[in-house]
Amino acid sequence: MSAAIKNVTVIGSGLMGAGIAQVAAQTGHIVTMVDIDEMAVNKAEKRIGDSIKRVAKKKFGDDGDGAAEFISGSISRLGTSTDAVAAVGSADLVVEAIVENLNVKKKLFAELDKAAPSHTIFASNTSSLSITAIADATTRKDRFGGLHFFNPVPVMKLLEVVRIPETSQETYESMCDWGKAMGKVTVECKDTPGFIVNRLLIPYTLEAIRLLERGDASARDIDTAMKLGAGYPMGPIELSDYVGLDTSKFIIDGWHKSFPDVELFKPSPMLEKLVVKIAETTEETLATMNDW
Ligand code: CAA
Ligand code: NAD
């Protein structure tokens, strides 16, 4: 029998970390959500507050008392911190959802490996990096795996559970059991680039950007075509934006570096330009804010 996971530490309180922490708290886990950036934690708390109300509305309908109890119970199980090392002291599971950068992830896990109890399972929510490469930073590869959630986490039903050759059967079963306790349907995948969903989805969204780049169709028409012609809930251009253009760029750049001959992994000049433009706009906005 796999060991039950009760205390969960989620590192990273961005788009994904906030969602994972929210669903874990909603499903009765004691959660600590960590970020190096205090502002990110504050933003995440606000996002979770809004999202949990939508979940409660769906779950409880007109039962206002039930909804209020669900919301307050969930929030009471969710703590926050900016100190990852201190936050893993009593964790059964650590789910990492920080920036998509191998060296940053490895540095974090190397530190946590020294601080976490020996039974603690480590998992990465990486979209595209090798779980083996991240786990290399630790001495607990048998208690390491991939737990890949989808955005928006409170809505998307899937969880990809990724095992590396060293992942023990007990760890794998604990991760699957936890996924089910989170209300997700789990699928198993080997540690391959993009696992199942992103191996198909990222080349698809990049191909859509290339269509746009060549001037073959407008962004609006590409999105309309895939929504109405293929039954997707979002078109590929809207989806790239929803995932984060920077995340899409990190993924494709990384794969292109590792597999330079794969045509589908070629970077897109338009995506490059858009990400630079967004970074410049953010810098400008921050500069303006600093002037205030
Ligand atoms: N929190 C809680 N509930 C939410 C929510 C959130 N953040 N976002 C949406 N919802 C709920 C809404 O309350 C609504 O509930 P009801 O059915 O009770 O009304 C329901 O979800 C539908 O939402 P909306 O009516 O606002 O909008 P929609 O019907 O367009 O659905 C969507 C929104 C669920 C995001 C849908 O557009 C969708 O499924 N898009 C595709 C998302 C996708 O492909 N995600 C995977 C990205 S890839 C990835 O994540 C992996 C990676 O590594 C990059
Ligand atoms: P994000 O940029 O929204 O959030 C990342 C957060 O991590 C930021 O708040 C940042 O301050 C924090 N952070 C960075 N370094 C840190 C550190 N050393 N310690 C603690 N916090 C740190 O990113 P995201 O979209 O939530 O993605 C997070 C991870 O999840 C990435 O690996 C990404 O590939 C993966 N992922 C993303 C999506 C998506 O749709 N965006 C879907 C599935 C998986």
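Note that the structure is predicted; figures quoted are calculated from it, not measured.

Draft legend 1. Region of the structure containing the overall build of the protein. A count of helical and extended segments in the protein gives 12 helices and eight strands. The C-alpha radius of gyration of the protein comes to 20 Å, within 12% of the 19 Å expected for a compact globule of 292 residues. Split into buried and exposed, the 292 residues of the protein put 43% on the buried side. Taking the contacts inside the protein whose residues are at least 6 apart along the sequence as the reference set, 65% of them involve residues at least 24 apart. Carbon together with sulfur atoms contributes 58% to the accessible area of the protein, which is approximately 15,000 Å² in total. Taken as two groups, the 32 positive and 40 negative side-chain charges of the protein have centres that lie 3 Å from each other.

Draft legend 2. Seen up close, the nonpolar core. Formed by 31 residues in total, the largest nonpolar core has its most connected members in Ile20, Met33, Leu93, Leu147, Phe149 and Trp178. Of all the elements in the fold, those that place two or more residues in this core are β1 (7-11), α1 (15-26), β2 (30-34), α2 (38-60), β4 (93-96), β5 (121-124), β7 (158-163) and α7 (169-181). It is α1 that provides the largest number of residues to this core, a total of seven residues. Setting aside residues up to four positions removed in sequence, Ile20 forms contacts with Val10, Val95, Ala97, Asn125, Phe149, Val153, Trp178 and Met182. Of all hydrophobic cores here, the second largest spans 21 residues; its members include Phe122, Ile131, Ala135 and Ile164.

Draft legend 3. The arrangement of the packing of aromatic side chains in detail. For the structure shown, the criterion picks out eight aromatic pairs. Judged by centre distance (5.5 Å) and plane angle (50 degrees), the rings of Phe60 and Phe70 are tilted. Taken as a pair, Phe60 in helix α2 and Phe70 in helix α3 (residues 64-76) lie far apart in primary sequence, 10 residues in all. The exposure class assigned to Phe70 is buried, which follows from its relative accessible area of 13%. Judged by centre distance (6.0 Å) and plane angle (85 degrees), the ring pair of Phe149 and Trp178 falls under edge-to-face. Taken together, the positions of Phe149 in the loop between β6 (144-148) and β7 and Trp178 in helix α7 put the pair 29 residues apart, joining distant regions of the chain. Note on Trp178: relative accessible area 2%, which makes it buried.

Draft legend 4. Quick peek at the sheet that holds strand β3 (residues 78-81). The strand order across the open sheet built from eight strands is β3-β2-β1-β4-β5-β6-β7-β8, with neighbouring strands paired in mixed fashion. Each having just a single partner strand, β3 and β8 (185-190) make up the two edges of the open sheet. Adjacent strand axes in the sheet meet at a mean angle of 25 degrees when their direction is disregarded. Inspection of the sheet shows β1 paired to β4 by four bridges, in the parallel sense. Bridge pairing in β4 links Val8 to Leu93. Sheet strands in contact with α1 are β1, β2, β3 and β4, and its direction is about 165 degrees off that of β2. Running at roughly 175 degrees to β7, α7 makes contact with β1, β4, β5, β6, β7 and β8 of the sheet.

Draft legend 5. Representation of the site of ligand 2 within the structure. Among the 21 residues in the neighbourhood of ligand 2, the closest are listed as Met16, Asp35, Glu100, Lys105 and Ser127. The separation between an oxygen atom of ligand 2 and a polar main-chain atom of Leu15 is 3.0 Å. In the environment of ligand 2, an oxygen atom lies 3.2 Å from a nitrogen or oxygen atom belonging to the backbone of Ile98. If ligand 2 stood free it would expose 830 Å²; the protein chains cover 82% of that surface. Considered class by class, the residues forming the shell around ligand 2 number 10 nonpolar, seven polar and four charged.

Draft legend 6. Summary view of the site of ligand 1. In the vicinity of ligand 1 there are 19 residues, among which Ser51, Ser127, His148, Asn151 and Asn198 approach most closely. Within the side chain of Ser51, a nitrogen or oxygen atom sits 2.6 Å from a nitrogen atom of ligand 1. The separation between an oxygen atom of ligand 1 and a polar side-chain atom of Asn198 is 2.7 Å. Coverage of ligand 1 by the protein amounts to 66% of the 1,000 Å² it exposes when considered alone. For the shell around ligand 1, the elements supplying multiple residues, two or more each, are α2, α8 (197-213) and α10 (236-243). Tallying contributions element by element places α2 first for the shell around ligand 1, with four residues. Residues that form the shell around ligand 1 fall into these classes: 12 nonpolar, five polar and two charged.

Rules used in this analysis
- Residues numbered from 1 in each chain as written.
- Chains lettered and ligands numbered in written order.
- Predicted model: local features only at pLDDT ≥ 70, side-chain atom pairs only at ≥ 80, totals over all residues.
- Heavy atoms only, no water.
- Helix = DSSP H or I, 4+ residues; strand = E, 2+ residues; numbered from the N terminus.
- Rg over C-alpha atoms; globule rule 2.2 N^0.38 Å.
- Buried < 20%, exposed > 50% of the residue type's maximum accessible area, 1.4 Å probe, protein only.
- Contact = heavy atoms within 4.5 Å.
- Areas by Shrake-Rupley, 256 points an atom, 1.4 Å probe, with all protein chains shown as cover.
- Lys, Arg positive; Asp, Glu negative; His and termini not counted.
- Charge placed at Lys NZ, Arg CZ, Asp CG, Glu CD.
- Core = buried A, V, L, I, M, F, W, Y, C linked by side-chain atoms within 4.5 Å.
- Phe/Tyr/Trp six-rings, centres within 6.5 Å; stacked < 30°, edge-to-face > 60°.
- Pairing = 2+ DSSP bridges.
- Axes fitted to C-alpha atoms, helices over the stretch in contact; angles between N-to-C directions.
- Near = heavy atom within 4 Å.
- Polar contact = N/O pair within 3.5 Å; in protein donor to acceptor, adjacent residues only side chain to side chain.
- Nonpolar A, V, L, I, M, F, W, Y, C, P; charged D, E, K, R; others polar.

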